[in-house]
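Chain by chain, the residues:
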Amino acid sequence: MPDPQLCSEEEIATLVQRFYARVRRDEQLGPIFNARIHDWPAHEAKLCDFWSSALRGTRRFHGTPMPLHAALPGLTAVLFSHWLQLFDETAATLPNTALRERVSHLAHRIAGSLWYGYQLANPATETSTGLQELTP
Ligand code: HEM
């Protein structure tokens, strides 16, 4: 359940900024994001809304992640696992233990669901790699 006491908006902003700073420099993920995101402050603000809604229940996020990810060419389970590894490493830098456990757990669940939706929307994609890799 979302809990406004779990963390502050500042802690979410720190996580989002640190994570996307790493993503932008990452050899595998960087090119995918840099090709599509031209306004990084706006993307980071949207991701703060996303995590604020998911973690604190603020209901600020009104996006549509599933179709947007389903439309990205060439996603694989390995890429999702790599995204999760970077995310977990970034979350581990936060001093708030409850926040880092909750946010990592949620990220794994959402990644599993995005990957599942991706495979349904892109039946020709690799299907041999299961979801178990993406669950905590
Ligand atoms: C391989 C893994 C992933 C890649 C390459 C990826 C890439 C992207 C890209 C390029 C966008 C911008 C799409 C656009 O505006 O056209 C985006 C948006 C977004 N991503 Fe991901 N993503 C990944 C995994 C995840 C995961 C696991 C989560 C959540 C835990 C997530 C959450 C979001 C959200 C909330 C948005 C904004 C959606 C919206 O505007 O409605 N992504 N992602």
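Quick note: structure is the one above.
As the structure is a computational prediction, the values presented were derived from the model and not from experiment. (Residues numbered from 1 in each chain as written. Predicted model: local features only at pLDDT ≥ 70, side-chain atom pairs only at ≥ 80, totals over all residues.)

A. Region of the structure containing the overall build of the protein chain. Scanning the protein chain from N- to C-terminus turns up six helices and zero strands. Ordering the α and β elements of the protein chain from the N terminus gives α-α-α-α-α-α. Relative to its length of 136 residues, the protein chain is compact, with a C-alpha radius of gyration of 15 Å against a globular reference of 14 Å. Principal axes of the C-alpha set define a box for the protein chain whose edges measure 45 × 30 × 25 Å. Relative to its 136 residues, the protein chain shows a buried fraction of 18%. (Helix = DSSP H or I, 4+ residues; strand = E, 2+ residues; numbered from the N terminus. Rg over C-alpha atoms; globule rule 2.2 N^0.38 Å. Buried ≥ 20, exposed ≤ 12 C-beta atoms within 10 Å, placed from the backbone.)

B. Structural context of the site of the ligand. Close to the ligand lie 22 residues, the nearest being Phe 50, Gly 63, Trp 83, Ile 110 and Ala 111. Counting only elements with at least two residues in the shell around the ligand, the list comes to α2 (30–36), α3 (40–56), α4 (65–70), α5 (77–91) and α6 (97–121). Considering each element in turn, the shell around the ligand owes the most residues, four residues, to α6. Tallied by class, the residues present in the shell around the ligand amount to 17 nonpolar, three polar and two charged. (Near = placed C-beta within 6 Å. Nonpolar A, V, L, I, M, F, W, Y, C, P; charged D, E, K, R; others polar.)

C. Up close: α5. If you check α5, its first and last C-alpha atoms are 21 Å apart, about what 15 residues at 1.5 Å a residue would give, namely 21 Å. Of the residues making up α5, those classed as buried are Ala 77, Phe 80, Trp 83, Leu 84, Thr 90 and Ala 91. An end-on view of α5 places all buried positions within 145 degrees of arc, on one side of the element. Facing away from the buried surface of α5 by more than 90 degrees, the exposed residues are Val 78 and Gln 85. (Expected span 1.5 Å × (residues − 1). Arc of directions from axis to C-beta.)

D. Structural view of unusual backbone geometry. Its identity is not glycine, yet Arg 59 carries a phi of approximately 60 degrees, on the positive side. Inspection of the secondary structure assignment puts Arg 59 in the loop between α3 and α4. A count of 10 C-beta atoms within 10 Å places Arg 59 in the exposed class.

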